[in-house]
Amino acid sequence: MLEPQRKLSCSGIPPHGIAGALALFLGPLQFSDKLRRRFLPWHRLIGRIYVYGVAVAAPVGIWIEYIKHAHSIAPLRLLIATIGFGALFMLTTGVGFFMARRRNIQAHRRWMTRSYAVAVVFLESRFVDQIPWLAKLWDRPSTILETHHISDLWVWIVLSLAVAELVLRGERVLKARSSVHKAMAPMAGA
Ligand code: HEM
């Protein structure tokens, strides 16, 4: 039997890491209104690299987790959560891309916001371990979930998507307020 770690380091990890890192680092550029207005062809190009990055990173991530599970390195609950994570990443990005192709820009922006929220789950779940007080705070709920055979990865997925929805709603409220102010301005001057 092949050594699991060696097999993993030879095949799945580099494409997964490179494609995932591309999506993570390129994502924030896409949200800049200034960049997009001035360099729309670049937005399209970088956006496509992001979409291809997700198309590689998500299935390969699931495959790596499957190999780890098959070699008893990772539990089944983590494999199931990784399948959910990868599926949501591909779904949100795929719908976002489809909406851009259909020139439905509002929907495109919403779905790409959700896609990037799923992308940052990768950072969130690792970030907490690096900060002792956060790791301590997270320890109890995480232990409860894990002892009930539910991976704590789900919490990060749900939290991230909930924050994305809050941001989208907040933007909608702010836009509605500013259009009311604009409509009232001439009346105030009269
Ligand atoms: C992670 C974030 C994003 C990604 C990966 C992304 C990706 C893309 C891609 C791949 C295209 C080209 C689609 C095609 O081939 O026709 C595109 C077009 C476009 N995107 Fe994004 N996008 C993102 C965020 C945004 C945001 C926040 C906005 C804000 C409104 C936006 C506005 C647009 C516009 C205006 C186009 C041009 C559509 C056209 O050709 O008429 N995108 N985007």
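Residues numbered from 1 in each chain as written. Predicted model: local features only at pLDDT ≥ 70, side-chain atom pairs only at ≥ 80, totals over all residues.

A. Representation of the packing of helix α2 (residues 13-30) against helix α6 (residues 105-119) within the structure. Contact pair α2 / α6: the axes reach a minimum separation of 10 Å and the direction vectors enclose 145°. When the axes of α2 and α6 are compared, the crossing they make is left-handed. Contacts between α2 and α6 involve Ala23, Leu24, Gly27 and Gln30 from the former and Met112, Tyr116 and Ala119 from the latter. (Axes fitted to C-alpha atoms, helices over the stretch in contact; angles between N-to-C directions. Helix = DSSP H or I, 4+ residues; strand = E, 2+ residues; numbered from the N terminus. Left-handed = near helix turned anticlockwise from the far one by under 90°. Contact = placed C-beta atoms within 7 Å.)

B. Structural detail: the site of the ligand. In the neighbourhood of the ligand, 21 residues make up the surrounding shell, with Gln30, Gly47, Tyr50, Ala100 and Met112 lying closest. Looking at the shell around the ligand, the elements with two or more residues in it are α2, α4 (40-70), α5 (76-101) and α6. Residue contributions to the shell around the ligand peak at seven residues, all from α4. Of the residues that constitute the shell around the ligand, the class distribution is nine nonpolar, six polar and six charged. (Near = placed C-beta within 6 Å. Nonpolar A, V, L, I, M, F, W, Y, C, P; charged D, E, K, R; others polar.)

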